[in-house]
Amino acid sequence: MTNDELLHKWVNNSITEGELEIFRHRPEYLGLTQLYRNTQLQSPELDKQAVLKKILSTPKNINTEQDDHAIHKDMKLKPNKKSSLFYWISAGVAACFLLFTGYQFGQSLGSDNVVSYEIADNQSLEGVMPDESIFVLRNVSKLSYLSSDWEKHRIIDLDGIADFSVKKGSKFSVNTANGIVEVLGTQFTVESKGDVLKVYCKEGKVSVIFFESDTKIILTMNESMEAHKSGRFLISKKDISSFRDVTLTTVISALEKQFKVNFITEGIDLNESLSCNFQHSKLDQALITTLTPLAIKFEVLPNGNVRLFR
Amino acid sequence: MADSNNSLCQEETFTKVFHEYSQTLFNYIYYKCGDRAQAEDLTQEAFLKLWKNCKNVSYETAKGYVFRTANNKLLNIYSHQKVVLNFEKINRIDKTNESPEFLMEEKELHQAIMKGISDLPEKQRVVFLLSRIDKKTYREIAEIIGISKQAVEKRIYKALDTMRQISVNIN
């Protein structure tokens, strides 16, 4: 039997008629259809009402205002600082271990293996994972993970923004509501807020799957991306930038930054929406690919500026 | 801090999340261990932990939280015993061919398939059932188990390759 796209399309009921015609002729087809005909089954039903009732009638461990304050004191929260992560790593990892244990005592997780953190506005929190991978949680964010078996399954849930510095080892995944970011030892930043996912890879390599699409974007050193649920995205890689459903302003800013030129755009509607890519090697080429579809002409002036006109 | 409209500490929100994921979580554990009571226990424990920790878990990450909690507990107590799964057949509406011989064959085939499913290695069994019975997409299965989509494809392929031979052997 062949392990191919057709098989999986058939399994997921997304096979087209034409494809089905081909698939029908495979020797395994008979066995598969008989199997599926004989597995029209349902699993045992969970008595939801009973279970829910038991759960809701259990008293919660609700922290009082005082407890929260005590916990935050232990965590030594700092005001939001830019690029605090990378400076801080060289400054001393020991302080961080203290931070980590301090939090656990305050939180009284008991024998639970789930470790979670949450912070409010204008704070940042640094923490260490069991394998010495480090994160900095910023602004209004929440992060949690299972600490047992950490070396084997490094999966983190994130809502908000955090910087990571990950030790080489098994796959390290950051799950957010907007997508999954996976790495194998690197430094990167993930921001998932509302309907937007932003990822910046400082060092190493990360892969990003966003909004349940089947696309995987790989980012390496100094590359970044921003994806919106609406389908809009911006991807900035070493040799090429890609855009979908952005305004002309966005593309022009990127061109200015990449080629270090200034644009003169009188008479041009900068709010026009477009999707395009441009390579980073030659300005002329980039201008042609981005502007031609909008029927905008350009002139590179002697002083290096670029004038756009219709 | 948590948006008060979406706080899991509110019964209404928690109940919504519970109804959305509890059956799938139960099925997932059941497919793994074949023990209905244990599956129900672990489902209850996972959601209870979510309820107790409701302040620290966001609405969006609740699903991941319960699945990983239950999975982790199962790793601790599960002792790789032989698994026997029982399913109810969904009643079929078409009953065109009902000779006694046909019904007997169907019954034999059904039993053989049930045994085949139970005998599958756990990794293959779980993805096959989540796909066939819960009708989850590969992406959803990958999320539930915590593996890649490609890993799901490989496991489904192996499961199907084994299972499709069962009916062929009977005939």
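Preceding this section is the structure that the text describes.
What counts as what
Residues numbered from 1 in each chain as written. Chains lettered and ligands numbered in written order. Predicted model: local features only at pLDDT ≥ 70, side-chain atom pairs only at ≥ 80, totals over all residues. Heavy atoms only, no water. Contact = heavy atoms within 4.5 Å. Buried area = accessible area lost by both parts, 1.4 Å probe. Salt bridge = Lys/Arg side-chain N within 4 Å of Asp/Glu carboxyl O. Polar contact = N/O pair within 3.5 Å; in protein donor to acceptor, adjacent residues only side chain to side chain. Helix = DSSP H or I, 4+ residues; strand = E, 2+ residues; numbered from the N terminus. Buried < 20%, exposed > 50% of the residue type's maximum accessible area, 1.4 Å probe, protein only. Disulfide = S-S within 2.5 Å. Pairing = 2+ DSSP bridges. Axes fitted to C-alpha atoms, helices over the stretch in contact; angles between N-to-C directions.

Asks: Honestly, the interface of chain A and chain B in this entry has me stumped. Any pointers?
Replies: A common way to state how big an interface is: give the accessible area lost once the parts meet. Listed by partner, the interface residues are 63 residues for chain A and 72 residues for chain B. Together, the buried faces of chain A and chain B total about 6300 Å²; carbon and sulfur atoms form 58% of this surface. Linking chain A with chain B are one salt bridge, by the criterion used here. Note that A:Asp157 and B:Arg68 form a salt bridge whose closest N and O atoms lie 2.6 Å from each other. Across the chain A-chain B interface, the total number found is 10 residue pairs in polar contact (both at pLDDT 80 or more). Listing elements by their share of the side of chain A that touches chain B, those giving two or more residues are α1 (5-11), α3 (29-37), β1 (41-42), α4 (48-56), β3 (114-119), β5 (134-146) and β6 (154-165) of chain A. Broken down by element, the residue count for the side of chain A that touches chain B peaks at seven residues, all from α4(A).

Asks: Help me understand the pattern of salt bridges, please; the structure alone is not making it clear to me.
Replies: Taken as a whole and judged by the stated rule, the model has 16 salt bridges over all chains. Among the ionic contacts, a cluster of salt bridges with common partners joins A:Glu5, A:Lys9 and A:Glu19.

Asks: Got a minute to help me understand unusual backbone geometry in this structure?
Replies: Of all residues except glycine, most have a negative phi; of all peptide bonds, most are trans. Residues and elements named next belong to chain A. Even without a glycine there, the phi angle at asparagine 13 is positive, about 60°. Turning to its location among the elements, asparagine 13 is positioned in the loop between α1 and α2 (17-23). For asparagine 13, a relative accessible area of 71% corresponds to the exposed category. Although it is not a glycine, aspartate 245 sits at a positive phi angle of roughly 55°.

Asks: It is not clear to me how the state of the cysteines should be interpreted in this structure. Could you clarify?
Replies: Joining two cysteines, a disulfide is a covalent bond between their sulfur atoms. Residue and element names in this part refer to chain B. Inspection of the entire model under this criterion finds one disulfide over all chains. A disulfide bridge connects cysteine 9 with cysteine 54, and the sulfur atoms are separated by 2.0 Å. Between cysteine 9 and cysteine 54, the S-S torsion sits near 100°, and that sign places the bridge as right-handed. On the criterion of sequence distance, the pair formed by cysteine 9 in the segment before α1 (11-33) and cysteine 54 in the loop between α2 (36-52) and α3 (62-77) is long-range, its members being 45 residues apart.

Asks: Mind showing me how you'd approach the sheet that holds strand β18 (residues 297-300) of chain A here?
Replies: Hydrogen bonds between backbone groups are what pair the strands of a sheet, and the pairing can be parallel or antiparallel. All names here are of chain A. An order of β16-β19-β18 is seen for the three strands of this open sheet, with the pairing classed as mixed. Two strands close off the open sheet at either side, each with one partner strand: β16 (263-264) and β18. By the bridge criterion, two bridges tie β16 to strand β19 (residues 306-309) in an arrangement that is parallel. When the bridges of β19 are listed, isoleucine 264 appears paired with arginine 307. Sitting on the sheet, helix α9 (residues 283-291) is in contact with β16, β18 and β19, with an inclination near 165° to β18.

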